[in-house]
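Each chain is listed here by its residues.
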Amino acid sequence: MDTRTRRLGGRPARVWALPLVLLLLPVQVEQVRAGALERAMLGKSTVVDLTHVLNNERAPSGGGQDRPRPEAPAEGERNSAAQGLPLPADLATHLDLPASIVKGKPTVAQVPARELLVHAVLVNIGAKVEQTPDYRATVEDLQAWERRNGRIPKGSVVLLHTGWARRWGDPARYLNLDAQGVPRVPGFSPGAIAFLIGERDIRGVGLDTWGHEAPLGTHGADDGMRPLLQAGKWQLVNLTNLDRLPAKGAKLVIAPLRLEAGSAPARVIAILP
């Protein structure tokens, strides 16, 4: 290390010149200690809003529930807090809980706030959706992601980037209904959902597509997503800006309206590593 010599009381004394990196070390250590939220507040992390702007001019229409249903839902019937809003219930960025189809499950208002802070991984099937618009992610797609990025963490939310959010400004293309009124949108296959539930024990999934039990996909039934909700997991739908997220490392802050129902519109924020 660099040294300098000077005289004190007639005797030489050694003074150590500390490198600048050592002087800055406490500051660097403090930044490492800071959590994701603190780093984001300090401008040290990128923050991405995954929520669509929703208004009467820009929102797609015709595919959701356009009018409130004041009657109590029957067993297995959707119970959505968004039913009372002036916009279609299924076409906002929103959170669906098991209570949206299963009676007796916790409502959005009853979910502890801590459970709305989650780690996220991103599976990108955009290239396949360009070839097949109603493509459904398979177990093989998930395993291919794991070969590149490691095992999908327990308790995480698996976000599926399909590129569908680019259709948001074109209602007909976003809904993509066929002649029978079935939405031909991409999503997870039943096998992929079973894998994520049984083999990876995820918290939930998120998609940049829509649907009543989103997404219906090629089979014209909610066979893919209903088991997810019945297994106690949840789903986020109508997300945007997923192309700005990394494959892993992002953290989500999910802020739904605190309503006594199984589903509610939500502001979804991603904090990048």
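Starting from 1, residues in each chain are numbered consecutively following that chain's sequence as written. The predicted nature of this model means local features are confined to residues of pLDDT at least 70 and side-chain atom pairs, given and counted, to a pLDDT of 80 or more, with totals for whole chains, interfaces and linings taken over all residues. The basis for every side-chain value is the complete set of heavy atoms in the structure, and neither hydrogens nor water enter the calculation.

Per the secondary structure count, the protein includes seven helices and 12 strands. The buried label applies to any residue whose accessible area, calculated with a 1.4 Å probe on protein chains only, is under 20% of its type's maximum; exposed applies above 50%, and partly exposed to all values in between. The 273 residues of the protein split such that 47% are buried. Every helix listed is a DSSP run of H or I at least four residues long, and every strand listed is a run of E at least two residues long, numbered separately from the N terminus.

Take the packing of aromatic side chains next. Here a pair means two rings of Phe, Tyr or Trp (six-membered ring of Trp) with centres within 6.5 Å. Their orientation is stacked below 30 degrees between planes, edge-to-face above 60, and tilted elsewhere. Inspection of the entire model under this criterion finds one aromatic pair. Consider the rings of Trp168 and Tyr174, whose centres lie 5.1 Å apart with planes at 85°: the pair is edge-to-face. For Trp168, a relative accessible area of 5% puts it in the buried group. The buried category is assigned to Tyr174, whose relative accessible area is 0%. Placement of a charge over a ring requires the Lys NZ or Arg CZ to be within 6 Å of the ring centre, with the centre-to-atom vector within 35 degrees of the ring normal. The lysine or arginine in question, Arg167, covers the ring of Trp164, its NZ or CZ lying 3.8 Å from the ring centre.

Let's shift gears to the layout of surface pockets. In this structure, the largest pocket encloses a volume near 270 Å³. With a 1 Å grid laid over protein atoms only, a set of points is called a cavity when a 1.4 Å probe fits there but cannot get out and a pocket when it is open yet has protein on both sides within 12 Å along at least five of seven lines; lining residues have an atom within 4 Å of a point. Considering the residues around the largest pocket, the lining is formed by 13 residues, among which Leu117, Lys251, Leu252, Val253 and Ile271 are closest to the centre. Going through the elements one at a time, helix H2 (36–41), strand E5 (117–124), strand E11 (248–256) and strand E12 (263–271) are the ones with two or more residues in the lining of the largest pocket. As a working rule, the residues Ala, Val, Leu, Ile, Met, Phe, Trp, Tyr, Cys and Pro are called nonpolar, Asp, Glu, Lys and Arg charged, and the rest polar, with Gly in that last group. Class assignment for the residues of the lining of the largest pocket results in nine nonpolar, two polar and two charged. Grid points are joined across faces, edges and corners, and a volume is the space filled by probe spheres set on the points. By volume, the second largest pocket amounts to about 200 Å³. If you trace the second largest pocket, you find 13 residues lining it, with Leu97, Pro98, Val111, Gly232 and Trp234 closest to the centre. Within the lining of the second largest pocket, the residues separate by chemical class into nine nonpolar, one polar and three charged.

The score called pLDDT rates the predictor's confidence residue by residue, from a low of 0 to a high of 100. Chain-level pLDDT for the protein is 79 on average; 68% of the residues reach the 70-or-more range. Within the protein, the element-level pLDDT minimum falls on helix H1 (residues 20–33), averaging 47, and the maximum on helix H4 (residues 139–149), averaging 98. A contact between two residues is defined here by any heavy atoms of the two lying within 4.5 Å. The model gives residues 20–25 a pLDDT under 50, and that stretch makes one contact with residues more than four places away or in other chains. Low confidence marks residues 80–87, where pLDDT is under 50. Its contacts with residues over four positions away, or in another chain, come to 25 contacts.

Of the two faces of strand E9 (residues 204–207), the one carrying Gly204 and Gly206 and the one carrying Val205 and Leu207 are both buried. Strands are treated as partners if at least two bridges between them are detected by DSSP. Relative to E9, strand E7 (residues 157–161) runs parallel, the two sharing four bridges. Paired with Val157 across the two strands is Gly204, which belongs to E9. As paired strands, E9 and strand E10 (residues 234–237) are joined by three bridges and run parallel to one another. Bridge pairing in E10 places Gly204 opposite Trp234.

Turning to helix H6 (residues 190–198), a few remarks are in order. When H6 is considered as a whole, its buried residues turn out to be Ala192, Ile193, Phe195 and Leu196. Buried residues of H6, seen end-on, are gathered within an arc of 160° and therefore sit on one face of the element. Contacts made by the buried residues of H6 are with strand E6 (136–137), H4, E7, strand E8 (187–188), E9 and helix H7 (226–230). Arc, as used here, means the arc of the directions from the helix axis to the C-beta atoms.

What follows deals with unusual backbone geometry. A positive phi angle, near 50°, is found at Asn176, a position not held by glycine. As for its position among the elements, Asn176 is in the loop between helix H5 (171–175) and E8. Positioned with a positive phi, Asn241 is a non-glycine residue whose angle comes to about 65°. Note on placement: Asn241 falls in the loop between E10 and E11. With a relative accessible area of 26%, Asn241 lands in the partly exposed category.

Glancing now at the side chain of His94. Considering the arrangement of structural elements, one finds His94 in strand E4 (residues 94–96). A polar side-chain atom of His94 sits 3.5 Å from a polar atom in the side chain of Asp96. Polar contacts, as used here, are pairs of N or O atoms within 3.5 Å; protein pairs need one atom able to donate a hydrogen and one able to accept it. Residues neighboring in sequence count only if both atoms are side-chain atoms.

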